[in-house]
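Survey of secondary and tertiary structure
Each chain is listed here by its residues.
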Amino acid sequence: MKPIMKLTRLNIAILAIISFAVPAWAIDVETPKRCTVCHSASFQGLQPAPRLAGQRYQYLFNQLSDLGLHRRDDPNAKLFMWPVVATVNPQTARELALYLSSIPPVAAEDGDAELVASGREIYQEGMPEANVVACVACHGPNAEGVGEIPRLGGLAYPYLVRRLSQWGHLYNYATRPPMPHIASNLSPNQIKALASYLSFVK
Amino acid sequence: MVLSFPSAPAGTPREGCRRRIVKASGLRLALQLAIAVVVFATAAGGAATKALAFSSHELAAKIAYCQDCHGPAGQGYRGFYPMPRLAGQQVEYFEDQLRAFVEGRRLNSIMSPVARSLSPAMMTALATDFRAFNPRPLGGDRRELAAMGEKIFQDGVPEQNVPACAACHGPEATGIKQIPRLSGQLYLYMVKTLTNFRKDRKEHLSDVMYPVVESLNKRQIEAVAAYVSSLR
Amino acid sequence: MMKVARAFSAHSRASRNPAGKAKSWVGAFAGTSGSQGWLDFMGTRSGIQLALPLAMLVIVFGGAGRTSAAETAAVSKPELEAKIKYCEICHGHSAEGFEGYYPIPRLAGQTPDFIKYSLQAFAERTRTNNIMFHVARVLSPDMMAALGAHFHDLNAKPLGAGPTDLVAAGKEIFETGVEPRGGGRIKSCSSCHGDNAEGNQDFPRLAGQLDDYIVDKLTNWSKEFGQHPSKMDVSRIMQPIAEALTEAQIKAVAAYLSSLQ
């Protein structure tokens with residue numbers, strides 16, 4: 001609760017800005033302002049909250065519904081998102097997802113530059129001997145995702161590291177395969193490399 | 001085989017007899033042991049050869065790896081690229097495609113590294129295992145085109161010199177030997193394959209398809225794809 | 001054509017001089033005739049008499065060019081070539097046959113009469129095959145004839161023979177016939193199909209045909225052929241034969257035929 005209380009004044013300022021910025025047709029003003037508290041005014045993300053801007057519509061909607069049903073259970077989700085999403089109805093979730101997906105994303109570019117090359121190799125080619133598939137097959141050549149498969153390009157390094165590691169801990173297990181199996185085969189170094197590469201992908 | 005030692009004190013004629021029996025028995029034993037060694041060594045050698053190819057654990061891990069992209073039951077998956085159904089595919093075709101990826105007869109930047117990591121024995125094992133899967137089709141698309149697609153598939157389009165697909169692929173699109181099963185294949189994958197056939201496949205076996213795909217127009221390709229994608 | 005015209009031109013002069021007629025012909029062709037041109041000739045009575053047949057000759061042979069007998073005025077070369085390419089998708093690059101889901105028969109070296117007959121039978125559904133029905137229903141008689149001629153000229157190696165251990169028995173059946181269990185006698189296949197199974201007019205060539213195709217046809221003859229009992233159909237000849245042959249005999253003869261060049 002601390003981070004939220006600290007940002008209360010900022011919160012109000014953001015409210016003011018947001019209430020002009022959000023198109024009236026999209027959603028009621030209340031909902032996105034709550035998101036900006038953690039996800040930043042531009043929805044480009046503010047650690048530990050990930051960037052939402054430019055994320056896939058279907059993926060966003062699925063996350064909101066999985067969070068609402070408590071199927072997604074990684075620690076931060078449980079702590080921060082479960083209470084929030086409890087108040088979001090499906091129609092609002094749809095509108096939110098649509099709105100967020102339309103905002104142009106900005107790459108975080110906060111990974112380790114030296115690991116980018118090896119990360120790219122894992123992403124584009126996979127590691128057949130280690131039975132790790134090439135991420136590109138599902139996430140696309142620019143990590144842009146498609147349908148319910150999320151855009152990974154430009155997400156923040158710490159967030160990617162945490163999420164990739166969590167698959168191996170069986171969090172989020174209720175969500176759709178094959179990620180649990182794929183990511184659970186990745187070593188910590190490989191995760192760091194991947195996360196570094198992805199944080200730079202536009 | 002029993003070694004019998006008649007009990008008799010040493011030095012007696014029976015002892016001499018015993019020694020001879022022991023000798024004879026020993027020889028017999030040695031011979032039998034030798035045969036046993038040879039037999040088991042060969043068997044072990046054979047088993048060892050198989051074990052060198054891969055263990056059942058390795059196979060299971062490899063299947064799970066394939067399933068990551070091709071779906072939990074090999075039914076295919078709509079990733080950024082449509083990943084084709086492998087379930088129920090003809091074994092000969094399956095093996096030949098993997099070899100084609102290795103040899104460059106078929107071009108695919110994702111599958112080439114995958115196929116290169118597989119031994120021939122592994123290719124056969126995967127082909128055999130996926131053949132046995134039988135999930136429902138992932139989901140037919142463009143159902144409104146399926147009727148048109150059925151007509152093309154079963155009757156051909158003689159006015160356009162398009163032969164009936166059924167002649168080679170079978171009336172239920174099950175394929176045979178090196179001719180692939182098409183039933184339940186992903187719509188998007190079928191469209192992509194038929195559209196890019198000559199570009200992606202250089203192998204001598206599939207060049208029979210070149211005149212076919214070149215005689216089909218876009219709508220007909222979509223129709224055939226819609227039809228087969230709905231078949232069980 | 002000009003040469004012929006000039007020849008007649010010289011001839012017309014010579015016709016006024018009977019003695020020189022023959023000489024004038026030769027002279028005309030050799031180009032040593034006199035000054036009278038062909039236009040002058042055509043205006044003469046002989047010329048007019050000649051004009052009509054000449055015109056007909058030009059029309060009939062004018063379009064022949066380098067064509068074979070197969071190509072008639074009704075089937076254009078590109079059309080025929082496209083159709084051949086289409087047939088070969090299923091029947092093999094050199095019409096040697098293909099093992100599709102169904103065994104697709106060899107057409108190479110087939111008798112033109114049999115091809116024509118078969119295509120007609122497919123189109124009229126006296127022979128039942130849905131795929132071939134659709135192929136045949138769009139073909140004109142001229143196209144059927146052209147295809148028959150084309151495939152007759154091809155000579156691919158057999159696609160692949162059946163079990164070699166059955167070949168000897170098959171050869172015997174082919175050359176001497178069989179005595180069916182129910183009595184009677186089936187004469188040798190060669191008496192109609194030729195000593196080398198090369199076929200003869202309506203009797204198809206069997207040499208080099210696909211083993212499993214032959215087995216399938218002989219086994220299922222009446223299901224596929226002669227579907228209009230009231231119609232005259234040469235395939236009816238085979239019906240009692242196919243029905244009298246045992247499974248083993250069918251397999252043997254198929255193995256033999258598929259091995260023949």
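A few words on the packing of aromatic side chains. This structure, assessed with the given rule, holds eleven aromatic pairs over all chains. Measuring from centroid to centroid gives 5.6 Å for Phe174(C) and Tyr256(C), while their planes differ by 50°, and the two rings are tilted. Within this pair, whereas Phe174(C) is found in helix H9 (residues 167-176), its partner Tyr256(C) is found in helix H14 (residues 247-259), the two being separated by 82 residues in sequence. Here Tyr256(C) falls in the buried class, since its relative accessible area comes to 6%. Here the aromatic cluster, defined as three or more aromatic residues joined through ring pairs, consists of Phe94(B), Phe130(B) and Phe133(B).

Across chain A, the average pLDDT comes to 86, with 83% of residues at or above 70. Scored below 50 in pLDDT, residues 22-26 of chain A shows five contacts in the model against residues more than four places distant or in partner chains.

Our next topic: helix H5 (residues 77-91) of chain C. Taking 1.5 Å of rise per residue, the 15 residues of H5(C) would be expected to cover 21 Å, and the 20 Å separating its terminal C-alpha atoms lies within 8% of that figure. Turning to H5(C), its buried residues number three or more, namely Leu80(C), Lys83(C), Ile84(C), Tyr86(C), Cys87(C), Glu88(C), Ile89(C), Cys90(C) and His91(C). If you follow the buried residues of H5(C), they end up packed against helix H7 (166-169) and helix H10 (210-215) of chain B together with strand E1 (98-99), strand E2 (103-104), helix H7 (130-136) and helix H8 (141-152) of chain C.

Here we take up helix H2 (residues 56-70) of chain B. Between the first and last C-alpha of H2(B) there are 20 Å, a value that for 15 residues agrees with the 21 Å anticipated at 1.5 Å per step. Where H2(B) is concerned, the buried positions are Leu59(B), Lys62(B), Ile63(B), Ala64(B), Tyr65(B), Cys66(B), Gln67(B), Asp68(B), Cys69(B) and His70(B). In this structure, the buried residues of H2(B) make contact with helix H8 (136-139) and helix H10 (179-184) of chain A together with strand E1 (77-78), strand E2 (82-83), helix H4 (111-116) and helix H5 (120-132) of chain B. Once H2(B) ends, the next one or two residues include Gly71(B), with phi positive near 100°.

Another point: the interface of chain B and chain C. Taken together, the contact between chain B and chain C spans 23 residues of the former and 19 residues of the latter. Taking both partners together, chain B and chain C bury about 1700 Å²; carbon and sulfur atoms supply 66% of that area. For the chain B face of the interface with chain C, the top three residues by lost area are Pro158(B), Asn161(B) and Ala167(B), together amounting to 31%. Linking Arg137(C) and Glu159(B) is a salt bridge whose minimum nitrogen-to-oxygen distance equals 3.2 Å. At the surface where chain B touches chain C, the tally comes to ten residue pairs in polar contact (both at pLDDT 80 or more). Broken down by secondary-structure element, the contributors of at least two residues to the side of chain B that touches chain C are helix H6 (146-155), H7 and H10 of chain B. Considering each element in turn, the side of chain B that touches chain C owes the most residues, four residues, to H7(B). Looking at the side of chain B that touches chain C residue by residue, the class counts come to 13 nonpolar, six polar and four charged.

Quick notes on the rules
- Residues numbered from 1 in each chain as written.
- Chains lettered and ligands numbered in written order.
- Predicted model: local features only at pLDDT ≥ 70, side-chain atom pairs only at ≥ 80, totals over all residues.
- Heavy atoms only, no water.
- Phe/Tyr/Trp six-rings, centres within 6.5 Å; stacked < 30°, edge-to-face > 60°.
- Helix = DSSP H or I, 4+ residues; strand = E, 2+ residues; numbered from the N terminus.
- Buried < 20%, exposed > 50% of the residue type's maximum accessible area, 1.4 Å probe, protein only.
- pLDDT = per-residue confidence, 0-100.
- Contact = heavy atoms within 4.5 Å.
- Expected span 1.5 Å × (residues − 1).
- Buried area = accessible area lost by both parts, 1.4 Å probe.
- Salt bridge = Lys/Arg side-chain N within 4 Å of Asp/Glu carboxyl O.
- Polar contact = N/O pair within 3.5 Å; in protein donor to acceptor, adjacent residues only side chain to side chain.
- Nonpolar A, V, L, I, M, F, W, Y, C, P; charged D, E, K, R; others polar.

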